[in-house]
Amino acid sequence: MSKSFSYIDIHGHLNFAAYDSDREEVIERAREAGVIMITVGTQIDTSRKAVELARTHENMYAAIGLHPVHTTSSHHDMQELGEGGKDFTSRGEAVDSQAYVDLARDPKVVAIGECGLDYYRLDDESIKKQRSTFEAMIDVANEVGKPLMLHIRNPNEGVNSAYRDAYEILKDRAKVKGDLHFFAGSTEEARPFLDLGYSFSFTGVITFTHDYDEVIRFIPLDRLMTETDCPYVAPKSHRGKRNEPAYVIETVKALAAIKSIPEDAVAKQVMDNAERLFRV
Ligand SMILES: [Zn+2]
């Protein structure tokens, strides 16, 4: 990786429709700010788009995978798919492992995901599909020897832990390590993943809420990563507006404040962490 980059956004969606009108400008603003990024697919189309974009931009890598909410037909997000996206999101993608393996072999693909379990929007039909899709994605990662970009989300209420269930699947099946994107679990939910050697990434949400401070203090600095999850969850200065990779610097500042560690030391360690896991 070029030394001119000081920050990394390990999880964003420049491949989404939200950037159709000004994608190149957004990528250029990140480059000028010294930000390198991983663009993350959520189904086969957005995964292909992530790889295409990464091939043509020095400061971009790709992750490819099938997101748990795209295993059934209930979900449609305008920022992701735009006005015309409804038809292809409604199909409820059945995973074609070979297509993902083929895509995963591209040298610019650095992770498999996002994949995992989402109990936030859950029905009985979807849990089985989520599990089998997650297992298929883990097998893809094992086959190509690249780490997992995990999307794990707990239910709004109740005692079910998507983290606990994901851990049970990963501990026996995964031969690679991974990152828990947008980690929102407790210290108790983090602990087994720390023992497995996984890392945890946080978004701009930590710039306007203290809900994550305790778990961030608990996780060692050498297991922390920064992300935007753009176009979603913009940091404080742009709250409620479209997010973009250049804003990841605000998350670095917030991490530094929460950990009481100088900002440049946090930035450097996060880059080292990303190099170690994703080989960017
Ligand atoms: Zn995402």
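The rules behind these values
Residues numbered from 1 in each chain as written. Predicted model: local features only at pLDDT ≥ 70, side-chain atom pairs only at ≥ 80, totals over all residues. Helix = DSSP H or I, 4+ residues; strand = E, 2+ residues; numbered from the N terminus. Expected span 1.5 Å × (residues − 1). Buried ≥ 20, exposed ≤ 12 C-beta atoms within 10 Å, placed from the backbone. Arc of directions from axis to C-beta. Right-handed = clockwise from strand over helix to strand, strands pointing away. Core = buried A, V, L, I, M, F, W, Y, C linked by C-beta atoms within 7 Å. Contact = placed C-beta atoms within 7 Å. Pairing = 2+ DSSP bridges. Axes fitted to C-alpha atoms, helices over the stretch in contact; angles between N-to-C directions. Parallel < 35°, antiparallel > 145°, perpendicular 65-115°, else oblique. Left-handed = near helix turned anticlockwise from the far one by under 90°. Nonpolar A, V, L, I, M, F, W, Y, C, P; charged D, E, K, R; others polar.

1. Describing helix α2 (residues 44-55)
Inference 1: An ideal rise of 1.5 Å per residue puts 16 Å on 12 residues; α2 measures up with 17 Å between its terminal C-alpha atoms.
Inference 2: For α2, the complete set of buried residues consists of Thr46, Ser47, Ala50, Val51, Leu53 and Ala54. One face of α2 carries all of its buried residues, which in axial projection span an arc of 165 degrees.

2. Here's the deal with the pairing of strand β1 (residues 7-12)
Inference 1: Across the 6 residues that make up β1, a large majority, 6, are buried.
Inference 2: Of the crossover connections in this fold, the one passing from β1 over helix α1 (residues 23-32) to the parallel strand β2 (residues 35-40) is right-handed.

3. Considerations on the nonpolar core
Inference 1: If you look at the biggest cluster of nonpolar residues, it comprises 79 residues, and the most contacted ones within it are Ile38, Ala63, Ile64 and Ile112.
Inference 2: By residue number, the principal contributor to this core is helix α11 (residues 263-278), which donates 7 residues.
Inference 3: Leaving out residues up to four positions away in the same chain, Ile38 has contacts with Ile10, His11, Tyr61, Ala62, Ala63, Val110, Ala111 and Phe278.

4. Describing the pairing of β2
Looking along a regular strand, one sees the side chains alternate between the two faces of the sheet.
Inference 1: Burial runs high along β2: 6 of the 6 residues are buried.
Inference 2: The two faces of β2 match: Val35, Met37 and Thr39 on one face and Ile36, Ile38 and Val40 on the other face are all buried.
Inference 3: The sheet contact formed by β1 and β2 spans 4 bridges and is parallel. From the neighbouring strand, Tyr7 faces β2, where its bridge partner is Val35.
Inference 4: Taken together, the 4 bridges between β2 and strand β3 (residues 60-64) define a ladder with parallel strand orientation. If you follow Val40 over to β3, its bridge partner there is Ala63.
Inference 5: A crossover connection joins β2 to the parallel β3 through α2; in handedness this β-α-β unit is right-handed.

5. Considering the sheet that holds β2
Sheet strands line up and pair through hydrogen bonds in the backbone, either parallel or antiparallel.
Inference 1: Here we have 8 strands laid out as an open sheet, ordered β1-β2-β3-β4-β5-β6-β7-β8, and parallel in their pairing. With one partner strand each, in any of the chains shown, β1 and β8 (224-226) form the two edges of the open sheet. Adjacent strand axes in the sheet meet at a mean angle of 30 degrees, parallel and antiparallel pairs treated alike.

6. Some words on unusual backbone geometry
Inference 1: In this model, Gly113 is joined to Glu114 through a cis peptide bond whose omega is 20 degrees.
Inference 2: Among the secondary structure elements, Glu114 is positioned in strand β4 (residues 109-118).
Inference 3: That bond from Cys230 to Pro231 is cis: its omega, 10 degrees, falls within 30 degrees of zero.
Inference 4: Here Pro231 shows up in the loop between β8 and α10 (248-259).
Inference 5: Within the chain, Phe182 stands out as a residue other than glycine whose phi angle is a positive 50 degrees.
Inference 6: Within the secondary structure, Phe182 is located in the loop between β6 (178-181) and α8 (187-196).
Inference 7: Of note, Ser260 is a non-glycine position whose phi angle comes to about 55 degrees, a positive value.
Inference 8: In this structure, Ser260 sits in the loop between α10 and α11.

7. Focus: the environment of Glu80
Inference 1: Along the chain, Glu80 falls in helix α3 (residues 78-81).
Inference 2: Take Glu80: there are 21 C-beta atoms within 10 Å of it, and that puts it in the buried class.

8. A closer look at the environment of Gly65
Inference 1: Within the fold, Gly65 resides in the loop between β3 and α3.
Inference 2: Residue classification places Gly65 among the buried positions, given that 34 C-beta atoms sit within 10 Å.

9. Some points on the packing of helix α6 (residues 124-144) against helix α7 (residues 162-173)
Inference 1: Look at α6 against α7: their axes get within 11 Å of each other, and the N-to-C directions meet at 30 degrees. The orientation of α6 with respect to α7, classified from their angle, is roughly parallel. The two elements α6 and α7 cross, and the hand of that crossing is right-handed. Only Ile169, Leu170 and Arg173 of α7 make contact with α6, whose side of the interface consists of Phe134, Glu135 and Ile138.
Inference 2: In terms of residue class, the contact of α6 with α7 is made up of 4 nonpolar, no polar and 2 charged.

10. A short note on α7
Inference 1: Taking 1.5 Å per residue as the helical rise, α7 with its 12 residues ought to reach 16 Å, and the 16 Å between its terminal C-alpha atoms agrees with that figure.
Inference 2: Listed as buried for α7 are Ala162, Tyr163, Ala166 and Leu170. Angular distribution of buried residues about the axis of α7 spans 85 degrees; they occupy a single face of the element. Relative to its buried face, α7 has exposed residues pointing more than 90 degrees away, namely Glu168, Lys171 and Asp172.
Inference 3: In this structure, the buried side of α7 is in contact with β4, α6, β5 (148-153) and α8.

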